[in-house]
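Architecture at a glance
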Amino acid sequence: MTATPEVDATDTATISSPATGAVAGTVRWTDPADVPRIAAGLRHAQREWEARGAAGRAKVLARFAVWMGEHRDEIEALLIKETGKSATDAAQEVPMLIMIASYYVKTMEKALAPESRPAALPFLAIKKIMVHYRPRPVVAVIAPWNYPVANLLMDGIGALAAGCAVLLKPSERTPLTAELLLRGWIDSGAPEVMAIVQGARGAVEAVVDNADYVQFTGSSATGAKVAERAARRLTPISLELGGKDPMIVLEDADIDLAAHAAVWGAFFNAGQTCVSVERVYVLEPAYDQFVAAVVRDVENLKMGAGAGNDFGALIDDTQVAVAERHVADALAKGARALTGGKRPSGPGSFYEPTVLVDVDHSMDCMMQETFGPTLPIMKVSTVAEAVRLSNDSPYGLSASVFSKDIERAKDVAVELDCGAVNINDVISNLMCTTAPMGGWKTSGIGARFGGADGLRKFCRQEVIVSPRTNVGAGGTFYNNSLKSTKRMNKMMTKLALIRPRRAAK
């Protein structure tokens, strides 16, 4: 996602709606000097939280999920106030968190149970090997402003399920819903293993310096700075960063389906989604029909905050400026805007839904992350050209391929350099909590979700090796003669070579 400038970190600040300018609420910024104390409190509480075991923690997470369901209207109303989202956009976040919580409540006990591992060779079976998943005490979740509810807790819930305490750092642009969610955690009867640090750069640095694991979602540039800071203490990280997701439309695609998907994928949340459709490559035989269908759909969109609208405001005028710059660059280089192409009159950080054609890779709209309501569409002659252009990017988050021939689409998918590909759909991989969600290249390091791996990523693996019998233990200890040690090593080498000799023939 695209970074925004920092706010002034005064003691308190007023948060205004980017759609109307109305006051959404106030926030008290955290003194970075207080973060070590906050983290120490979390570490203390985490010991008891881990001791509850997975089954005990699941009950607390279940109560929190129920609380979110019962307070969904309150959460979404505040979300609309601080982000300028439409009601359609705001309605997606709480259900996603409830789905994630429900999945982990069901699976966490099995996912976190100690695992036995077989011996590498039969003669080593005298040892019993167990792998225990022990939570990292404090997990920092540094979240962006585009989905202040979902991005804040989609990883936080997994960390809590794993037995960690969670230190949340919401964006300084959207701090209010985080406070409401923390209130819900406490109201659910949960222990104090969740805390919030509010602020900008100083707060981020303090959080990274006091965490045992960092989950960051944001721009690639900021992600690199977080990684560099975490490396000072060798703190492990997971980064979900920028994207420039391509969509490929083959000549045999269902054109209406592809157009509906492209429009929703590009303009949902005003294009402020890490896995937005940011560029489209259409095979020449389908191009004219696809473009006409896209323009038809876009002309029916309603822009505005709250109920009755399809998508809302951008987070602030700096994001509007990015969209304006990319569109102006494209038009200056020969592109045409079939819809939109300008900021509407009136208040608020809005930008009209803009469909661009006659685009190419000399234009910023095809190469740089816009994170706004634009949809550039490029005509291509072959599938190979579409794949080559899709891969011509420093990003590699996700992509989509549209074709009535599913097997053909899968063949195209495995040629794309990215973490996920949706066939005849967009963004849907983000809902697949059993699969890993992460990016290649500058789109990130690591992944969120992924079934059991989505919980275990927040854990340290502790191996416990115990004897099945005392016979054979200590065969290479110093108290044995050199002759017996040599005999033992000779036997181990002989047995270990049996399989390689067979495989080498």
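Placed above this text is the structure.
One structure accompanies this document, and this report is about it. Quick caveat, the model's predicted, so the values are computed rather than measured.

Definitions and limits used
Residues numbered from 1 in each chain as written. Predicted model: local features only at pLDDT ≥ 70, side-chain atom pairs only at ≥ 80, totals over all residues. Heavy atoms only, no water. Patch = residues over 30% accessible without salt bridge, like charges linked within 9 Å, V, L, I, M, F, W, Y side chains within 5 Å. Areas by Shrake-Rupley, 256 points an atom, 1.4 Å probe, with all protein chains shown as cover. Salt bridge = Lys/Arg side-chain N within 4 Å of Asp/Glu carboxyl O. Lys, Arg positive; Asp, Glu negative; His and termini not counted. Charge placed at Lys NZ, Arg CZ, Asp CG, Glu CD. Helix = DSSP H or I, 4+ residues; strand = E, 2+ residues; numbered from the N terminus. Expected span 1.5 Å × (residues − 1). Buried < 20%, exposed > 50% of the residue type's maximum accessible area, 1.4 Å probe, protein only. Pairing = 2+ DSSP bridges. Axes fitted to C-alpha atoms, helices over the stretch in contact; angles between N-to-C directions.

1. Focus: a positive patch on the surface
The grouping of Lys486, Lys490, Lys494 and Arg501 at the surface amounts to a positive patch. Examining the composition of the positive patch, we find that three residues originate from one element, helix α18 (residues 482-496), more than from any other. Mapped onto the secondary structure, lysine 486 falls in helix α18.

2. Examining helix α2 (residues 53-70)
Under the 1.5 Å per step criterion, the end-to-end length of α2 is 26 Å for 18 residues, consistent within 8% with the ideal 26 Å. The set of residues buried in α2 consists of Ala54, Arg57, Ala58, Val60, Leu61, Phe64, Ala65, Trp67 and Met68.

3. Some details on the pairing of strand β4 (residues 127-135)
Sheet topology places strand β3 (residues 115-117) next to β4; three bridges connect them, and they run antiparallel. The residue of β4 that forms the bridge with arginine 117 is isoleucine 129. Pairing between β4 and strand β22 (residues 459-467): nine bridges, direction antiparallel. Looking at β22, one finds that lysine 127 is bridged to proline 467.

4. Here we look at the sheet that holds β3
Spatial ordering of the open sheet is given by β3-β4-β22, a layout of three strands whose pairing is antiparallel. Of all strands in the sheet, those with a lone pairing partner are β3 and β22, marking the two edges. With strand direction ignored, the average angle separating the axes of adjacent strands in the sheet is 30°.

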